[in-house]
Amino acid sequence: MTEPLPPANEPAARVPDAQRNRNRLTLLLIAAFFLVPMLVAGIMRFTDRHPAINRQHGELLAPKPDLRELAPSLADGKPYPWNPEARVWRILVAPRPDCAEACAKLSHELDTVWQLFGKDADQVDILWLGEPPAGAARPASLRVLGPAPQLRERLPRLDDPAGTPVYVVDPNGFVILRYAPGFQPGGLRTDLSRLLKLM
């Protein structure tokens, strides 16, 4: 049996040309699929532009204050060691003694942040330097610390006239992030969730 001839109005030579054009287009699309993201990444790298999702919400501290030799004590006098092997991150609050209503509100926000960690909640402690105010939340993660003037001195811009800042301390005892007064709790949760995944 002979193969059917191409239609009279379409020359036999045109069929291979159409296939060749489709092949070229496919190769160009594949090349663009790999090259365009690399080009965009290169432009972002050299112009120092990064998507907001890749940036932390808190202020990354440099140099990172070292609290390792200043391991605090709990309000009842028991030691609170940093214990890096436990891989526990800390949210540290060191308010002024006259911080009442604003600090009670802050404590409830931090309690919500802690609860949203779900299965990772055991890897986060909330350290409160001094007695929390009346009406403050007291989650299971709360560790009330006794006076620690040397520790307070190492916290950058602690006496902020705008209110009480919040800090994140890594499992080793380094202060790595600062959140200015009035920060969005969701940003703290996002940053700390990313850090927990690294451990």
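Look a little higher up for the structure.
Procedures and definitions
- Numbers given to residues run from 1 along each chain, matching the order in which its sequence is written.
- Per-residue local features of the predicted model are confined to residues with pLDDT of at least 70, and side-chain atom pairs are confined, for both listing and counting, to 80 or more; whole-chain, interface and lining totals are unaffected and use all residues.
- The side-chain figures draw on all heavy atoms in the structure; neither hydrogens nor water molecules are used.
- Going along the chain from the N terminus, every DSSP run of H or I of four or more residues is numbered as a helix, and every run of E of two or more is numbered as a strand.
- Only protein chains enter the accessibility calculation, which uses a 1.4 Å probe. A residue is then buried if its area is under 20% of the maximum for its type, exposed if over 50%, and partly exposed in between.
- Working rule for contacts: check all heavy atoms of both residues, and any pair within 4.5 Å makes them a contact.
- Methods summary: accessible areas were calculated by the Shrake-Rupley approach with a probe of 1.4 Å, and residue burial reflects only the protein chains presented.
- Only rings of Phe, Tyr and Trp enter the pairing, Trp through its six-membered ring, and a pair is recorded when the two centres are within 6.5 Å. The plane angle decides the type: under 30 degrees is stacked, over 60 is edge-to-face, the rest tilted.
- Both cavities and pockets are sets of points on a 1 Å grid over the protein atoms alone; in a cavity a 1.4 Å probe fits but cannot get out, in a pocket the set is open with protein on both sides within 12 Å along at least five of seven lines, and lining residues sit with an atom within 4 Å of a point.
- Grid points are joined across faces, edges and corners, and a volume is the space filled by probe spheres set on the points.
- Classification convention: Asp, Glu, Lys, Arg as charged; Ala, Val, Leu, Ile, Met, Phe, Trp, Tyr, Cys, Pro as nonpolar; all other residues, Gly among them, as polar.
- Buried Ala, Val, Leu, Ile, Met, Phe, Trp, Tyr and Cys residues form a nonpolar core when they are joined through side-chain atoms within 4.5 Å.
- Basic side-chain nitrogens of Lys or Arg form a salt bridge, by our definition, when they fall within 4 Å of a carboxyl oxygen of Asp or Glu.
- A pair of sulfur atoms, both from cysteines and within 2.5 Å, is called a disulfide here.
- Expected helix span is computed as 1.5 Å times (number of residues minus one).

**Considerations on the overall build of the protein**
Okay, so step 1: Helix and strand counts for the protein come out as 4 helices and 6 strands.
Okay, so step 2: Among the 199 residues that make up the protein, the fraction classed as buried is 37%.
Okay, so step 3: Taking contacts inside the protein between residues at least 6 apart in sequence as the whole, the part at least 24 apart equals 64%.
Okay, so step 4: By element, 60% of the accessible surface of the protein is carried by carbon and sulfur atoms, the whole surface being about 12,900 Å².

**What about the packing of aromatic side chains?**
Okay, so step 1: For the structure on display, the rule yields 2 aromatic pairs.
Okay, so step 2: Ring centres of tyrosine 80 and tryptophan 82 lie 6.1 Å apart, and the angle between their planes is 90 degrees; on these two criteria the pair is classed as edge-to-face. Neither residue differs from the other here; tyrosine 80 and tryptophan 82 are each classed as buried.
Okay, so step 3: Their ring planes at 50 degrees and their centres at 5.4 Å tell us that tyrosine 179 and phenylalanine 183 sit as a pair that is tilted.

**Details of empty space enclosed by the protein**
Okay, so step 1: Enumeration over the complete set of coordinates arrives at 1 cavity of 30 Å³ or more.
Okay, so step 2: The space that makes up the largest cavity amounts to roughly 40 Å³.
Okay, so step 3: Around the largest cavity, the lining residues are Ser107, Leu110, Asp111, Ile126, Trp128, Ala137, Pro139 and Leu142.
Okay, so step 4: Across the lining of the largest cavity, the residue classes break down as 6 nonpolar, 1 polar and 1 charged.

**A closer look at the nonpolar core**
Okay, so step 1: In terms of nonpolar packing, the biggest core is built from 26 residues, with Ile91, Leu110, Phe117, Val168, Leu188 and Leu192 touching the most fellow members.
Okay, so step 2: At the level of secondary structure, the elements contributing two or more residues to this core comprise strand E2 (89-93), helix H2 (101-115), strand E3 (124-129), strand E4 (142-145), strand E5 (166-169), strand E6 (175-179) and helix H4 (185-198).
Okay, so step 3: For this core, the element with the most residues is H2, which contributes 5 residues.
Okay, so step 4: Every residue in contact with valine 168, bar those within four places of it in the chain, is listed here: Trp89, Arg90, Phe174, Val175, Ile176, Leu177, Tyr179, Leu188, Leu192 and Leu195.

**Digging into the pattern of salt bridges**
Okay, so step 1: Going through the model one piece at a time under the given rule, you end up with 9 salt bridges.
Okay, so step 2: A salt bridge links glutamate 69 to arginine 154; the shortest N-O distance between them is 2.9 Å. One end of the pair, glutamate 69, is in the loop between strand E1 (59-60) and E2; the other, arginine 154, is in the loop between helix H3 (149-153) and E5, and 85 residues separate them in sequence.
Okay, so step 3: Judged by its relative accessible area of 32%, arginine 154 is partly exposed.
Okay, so step 4: Across the pair glutamate 109 and lysine 105 runs a salt bridge whose closest N-O atoms are separated by 2.8 Å.

**Examining the state of the cysteines**
Okay, so step 1: Inspection of the entire model under this criterion finds 1 disulfide.
Okay, so step 2: One disulfide in the model links cysteine 99 with cysteine 103; its S-S distance is 1.8 Å. Classification of the bridge connecting cysteine 99 and cysteine 103 rests on its S-S torsion, roughly 105 degrees, and on that basis the disulfide is right-handed.

**Regarding H2**
Okay, so step 1: For H2, with 15 residues, the first-to-last C-alpha span of 21 Å sits near the 21 Å given by 1.5 Å per residue.
Okay, so step 2: Within H2, burial applies to Cys103, Ala104, Leu106, Ser107, Leu110, Asp111, Val113 and Trp114.

**Side note on the environment of proline 72**
Okay, so step 1: Within the fold, proline 72 resides in the loop between E1 and E2.
Okay, so step 2: On the basis of relative accessible area, proline 72 is assigned to the buried category, the value being 4%.
Okay, so step 3: A C-alpha to C-alpha distance of 6.6 Å links proline 72 and alanine 148, two positions 76 residues apart in sequence.
Okay, so step 4: Apart from residues no more than four positions distant in its own chain, proline 72 is found in contact with Pro79, Tyr80, Trp82, Leu145 and Leu151.

**Thoughts on the environment of leucine 196**
Okay, so step 1: Structurally, leucine 196 is set in helix H4.
Okay, so step 2: Exposure remark for leucine 196: the relative accessible area of 11% places this residue in the buried category.
Okay, so step 3: Sequence separation of leucine 196 and arginine 87 is 109 residues, and the distance between their C-alpha atoms is 8.8 Å.
Okay, so step 4: Apart from the residues within four sequence positions on either side, leucine 196 is in contact with Trp89, Phe117, Asp120, Gln123 and Val124.

Coordinates in, geometry out; function isn't part of it.
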